[in-house]
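Observations on the three-dimensional arrangement
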Amino acid sequence: LRSSRGSTSRHGKMSKMFKKVLVANRGEIAVRIIRTAREMGIRTIAVYANEEGFPMHAEAADEAWNLGKGSLAETYLNIDQIIRIARKSHSDAIHPGYGFLAENPKMAASCKQNGIIFIGPGEKAIRVMGNKLEAARFVESVGVPLLSLKTGTPEELPQQIQPDEYPVIIKAAAGGGGKGMRIVKEPRKLIDALKTTSREAANYFGDGTVYVEKYIESPRHIEVQVLCDEQGNCIHLFERECSIQRRHQKIIEEAPSPSLDPQTRQKMGDTALRIAHAARYTGAGTVEFLVDEQRNFYFLEMNTRIQVEHPVTEMITGIDIVREQINIAGGHPLPWSQK
């Protein structure tokens with residue numbers, strides 16, 4: 001299943017295999033990346049903070065470098081420190097995993113400036129698709145269906161929503177992981193909910209921007225896994241259904257989705273690829289949709305990283321998504337077409 005070597009990407013660089021990859025993460029995903037890299041013959045660099053002692057992911061890697069002590073902002077979220085270690089350890093590339101710096105466009109840009117490959121999409125794709133509001137505007141421009149969406153300040157938004165449009169859901173533009181979301185069922189509660197959600201968003205994500213969307217009662221939540229190489233080829237690896245949630249946190253992932261018929265499945269997969277192509281996306285990503293009772297689906301967001309639940313797709317396809325992330329970042333073309 002490994003792709004051929006020696007071809008040229010659309011960015012003009014020759015494909016290569018990395019000698020060393022720094023894993024800018026910890027815990028389960030760091031160990032997961034290290035395992036695949038070892039199978040590919042790539043040496044790995046782990047990073048860890050003083051407070052962790054010498055954790056499992058540091059033991060699993062070929063080398064472990066200390067990030068020092070302090071908060072996450074001073075350790076795992078410290079771009080300058082991680083780039084410094086990557087350079088000192090002679091790492092060819094950085095894999096961010098999920099969380100921390102995985103969807104930070106500054107991280108992708110800093111890697112490029114320092115001649116280090118970022119194993120993920122480019123800075124522009126992260127900026128466009130990593131912010132929910134920017135992503136919604138972008139996909140609307142390429143003709144993808146969206147739920148009714150309203151933007152403005154907490155003072156302006158109540159004037160834009162008619163009584164018959166309730167219930168609505170407030171979302172943080174920079175949100176994720178179920179944080180910064182609140183359902184409002186009646187007009188009198190909207191202003192307080194907007195202010196509270198905005199404060200939460202500022203605390204969690206450093207950005208208090210919120211927007212309001214039409215709320216679908218009992219929706220199905222379907223996400224499509226995509227892989228895109230630097231030669232402009234994109235495929236999807238079918239879907240995962242994550243409708244069983246608690247407080248907007250996914251509990252159970254099912255693949256294939258038990259809710260989709262073949263026609264909707266194909267249409268949704270094609271739509272996910274249309275979005276990825278339009279964004280000139282590279283690497284692994286997930287396009288999420290909400291589906292109503294009539295199987296109409298609407299773009300929700302795109303996760304510009306590997307997801308916690310990626311092994312569910314690996315189980316039904318036999319494809320190692322981390323391996324493909326590394327191959328794509330090295331300039332290798334995808335070894336499959338959608339057919």
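Residues numbered from 1 in each chain as written. Predicted model: local features only at pLDDT ≥ 70, side-chain atom pairs only at ≥ 80, totals over all residues. Heavy atoms only, no water.

The secondary structure content of the protein amounts to 11 helices and 14 strands. If one aligns the C-alpha atoms of the protein with their principal axes, the spans along those axes are about 60 × 50 × 35 Å. The proportion of buried residues among the 339 residues of the protein is 53%. Of the contacts formed within the protein by residues at least 6 apart in sequence, a portion of 60% connects residues at least 24 apart. Element-wise, carbon and sulfur atoms account for 49% of the exposed surface of the protein, whose accessible area totals about 15500 Å². The centroid of the 45 positive side-chain charges in the protein is displaced by 4 Å from the centroid of its 41 negative side-chain charges. (Helix = DSSP H or I, 4+ residues; strand = E, 2+ residues; numbered from the N terminus. Buried < 20%, exposed > 50% of the residue type's maximum accessible area, 1.4 Å probe, protein only. Contact = heavy atoms within 4.5 Å. Areas by Shrake-Rupley, 256 points an atom, 1.4 Å probe, with all protein chains shown as cover. Lys, Arg positive; Asp, Glu negative; His and termini not counted. Charge placed at Lys NZ, Arg CZ, Asp CG, Glu CD.)

Looking at the element boundaries, R127 is found in helix 5 (residues 123-130). You can call R127 partly exposed: its relative accessible area is 44%. For the pair formed by R127 and N104, sequence separation is 23 residues and the distance between their alpha carbons is 8.1 Å. Ignoring anything within four residues of it in the chain, the contact list for R127 reads P105, K106 and E134.

On to the sheet that holds strand 10 (residues 220-228). On the basis of which strands lie adjacent, the open sheet formed by 5 strands has the order 12-11-10-13-14 and antiparallel pairing. Sheet topology places strand 12 (249-254) and strand 14 (297-303) at the edges, where each strand pairs with a single neighbour. For this sheet, the mean angle separating the axes of adjacent strands, direction not counted, is 35 degrees. Sheet analysis places strand 11 (residues 234-246) next to strand 12, joined by 4 bridges and oriented antiparallel. Bridging across to strand 12, R246 finds its partner in Q249. Here helix 10 (residues 310-317) sits on the sheet in contact with strand 10, strand 11 and strand 12, set at roughly 125 degrees to strand 11. (Pairing = 2+ DSSP bridges. Axes fitted to C-alpha atoms, helices over the stretch in contact; angles between N-to-C directions.)

Attention now goes to the sheet that holds strand 6 (residues 149-151). Backbone-to-backbone hydrogen bonds pair the strands of a sheet. The strands run either parallel or antiparallel. Read from one edge of the open sheet, 4 strands run 6-9-7-8, paired in antiparallel fashion. Edge positions in the sheet fall to strand 6 and strand 8 (181-184), since each has one partner strand and no second. Along the sheet, successive strands turn relative to each other by an average axial angle of 25 degrees, direction set aside. Pairing of strand 6 with strand 9 (residues 210-214) involves 3 bridges; the strand directions are antiparallel. Bridging across to strand 9, L149 finds its partner in E213. Along the sheet, helix 6 (residues 132-141) makes contact with strand 6, strand 7 (168-172) and strand 9, crossing strand 6 at roughly 125 degrees.

The next point concerns helix 11 (residues 321-329). Among the 9 residues of helix 11, 9 are classified as buried, and the element is accordingly described as predominantly covered. The backbone nitrogen of V322 lies 3.1 Å from a side-chain oxygen of the residue at the head of helix 11, namely D320. Taken from the residues just after helix 11, G331 is the one with a positive phi, measuring 90 degrees. (Polar contact = N/O pair within 3.5 Å; in protein donor to acceptor, adjacent residues only side chain to side chain.)

Next up on the list: the confidence of the model for the protein. For the protein, per-residue confidence averages 91 on the pLDDT scale, and residues scoring 70 or more make up 95% of the total. Counting contacts from residues 1-12, a segment whose pLDDT is below 50, to residues more than four positions away or on other chains yields 36 contacts. (pLDDT = per-residue confidence, 0-100.)

This brings us to the state of the cysteines. Taken as a whole and judged by the stated rule, the model has 1 disulfide. With its sulfur 2.3 Å from that of its partner, C228 forms a disulfide with C234. Between C228 and C234 the sulfur-sulfur dihedral comes to about 115 degrees; the bridge is accordingly right-handed. No disulfide involves C242; its sulfur sits 19 Å from that of C228, the nearest cysteine. (Disulfide = S-S within 2.5 Å.)

Time to look at the pattern of salt bridges. Considering all chains together, one arrives at 23 salt bridges under this definition. In this structure, R127 engages E123 in a salt bridge whose closest nitrogen and oxygen atoms are separated by 3.2 Å. Of this pair, R127 and E123 both sit in helix 5, 4 residues apart, roughly one helical turn. With relative accessibility at 31%, the residue E123 sits in the partly exposed group. A salt bridge links E239 to R265; its shortest N-O distance comes to 3.0 Å. (Salt bridge = Lys/Arg side-chain N within 4 Å of Asp/Glu carboxyl O.)

Attention now moves to unusual backbone geometry. Both trends apply: most residues other than glycine have a negative phi, and most peptide bonds are in trans. Of note, the amide linkage connecting Y166 to P167 takes the cis form, showing an omega dihedral of 5 degrees. Residue placement: P167 occurs in the loop between helix 7 (157-160) and strand 7. Omega for the peptide link from A255 to P256 comes to -10 degrees, which places this bond in the cis form. Note that P256 resides in the loop between strand 12 and helix 9 (262-278). Positive phi outside glycine occurs at S218, with the angle close to 50 degrees. Examined against the element boundaries, S218 turns out to sit in the loop between strand 9 and strand 10. A residue is classified by how much of its surface remains accessible, and S218, at 57% relative accessible area, is exposed.

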